[in-house]
Amino acid sequence: MEIAKNIMNAAGIVKKGIEGIPELKVLGKPYYNISFTSDTFNIFEILDIMGEKKWNLNGLIRPDCIHLCLTNAHTKPGVAERFVHDLKEAVALAKSNPDKKEGGMAPVYGLASTM
């Protein structure tokens with residue numbers, strides 16, 4: 001019960017952090033499995049940047065989004081806050097380089113979502 005409570009608390013921090021980034025949108029009303037997207041830029045660019053920051057996230061299509069399943073690992077002190085910090089940095093980087101085409105999985109996910 002304690003682990004579940006801690007996961008829910010970490011998920012709340014992450015969800016609130018995502019909701020605080022105007023370019024991102026949380027999908028649905030998640031408890032601990034959080035998916036989010038963007039109407040501003042290619043969300044898969046964020047996936048690539050977060051991967052470079054060593055976050056293991058899942059890219060999904062229909063709709064194009066990023067998925068994070070919070071676990072006990074995310075409940076360690078400062079981890080949820082670090083995720084939000086890194087996500088804010090990733091969004092800022094994606095916004096500063098909107099025409100980036102090289103590297104990463106963004107083109108692959110983008111192509112998959114058109115099929």
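Refer to the preceding data block for the structure.
Below or above, wherever it landed, is the structure these notes cover. (Residues numbered from 1 in each chain as written. Predicted model: local features only at pLDDT ≥ 70, side-chain atom pairs only at ≥ 80, totals over all residues. Heavy atoms only, no water.)

### Thoughts on the environment of Glu 23
Moving on, step 1. Tracing the backbone through its elements, the reader meets Glu 23 in the loop between α1 (2-19) and β1 (25-26).
Moving on, step 2. Placed 65 residues apart in sequence, Glu 23 and Lys 88 show a C-alpha to C-alpha distance of 9.8 Å.
Moving on, step 3. Ignoring any residue separated from it by four or fewer positions in sequence, one finds Glu 23 in contact with Thr 37, Ser 38, Asp 39, Thr 40, Phe 41, Val 91 and Lys 95. (Helix = DSSP H or I, 4+ residues; strand = E, 2+ residues; numbered from the N terminus. Contact = heavy atoms within 4.5 Å.)

### Regarding the packing of α1 against helix α3 (residues 79-96)
Moving on, step 1. Where α1 meets α3, the axes come as close as 9 Å, and the angle between the chain directions of the two elements is 15°. Relative to α3, the element α1 is oriented roughly parallel. Crossing of α1 against α3: the hand is right-handed. Where α1 abuts α3, its residues Ala 10, Ile 13, Val 14, Gly 17 and Ile 18 lie against Ala 80, Glu 81, Phe 83, Val 84 and Leu 87. (Axes fitted to C-alpha atoms, helices over the stretch in contact; angles between N-to-C directions. Parallel < 35°, antiparallel > 145°, perpendicular 65-115°, else oblique. Left-handed = near helix turned anticlockwise from the far one by under 90°.)

### Brief notes about the pairing of strand β4 (residues 65-69)
Regular strands place side chains that alternate from one sheet face to the opposite one.
Moving on, step 1. Extensive coverage of β4 is indicated by the burial of four of its five residues.
Moving on, step 2. Of the strand pairs in this sheet, strand β2 (residues 33-37) and β4 are connected by four bridges, and their pairing is antiparallel. Along β4, the bridge assignment pairs Ile 34 with Leu 68.
Moving on, step 3. Summarising the sheet, strand β3 (residues 58-60) and β4 pair through three bridges and their orientation is antiparallel. Looking at β4, one finds that Leu 60 is bridged to Cys 65.
Moving on, step 4. The antiparallel pairing of β3 with β4 creates a hairpin that spans four residues between the two strands, and Arg 62 there sits at a positive phi of about 60°. (Buried < 20%, exposed > 50% of the residue type's maximum accessible area, 1.4 Å probe, protein only. Pairing = 2+ DSSP bridges.)

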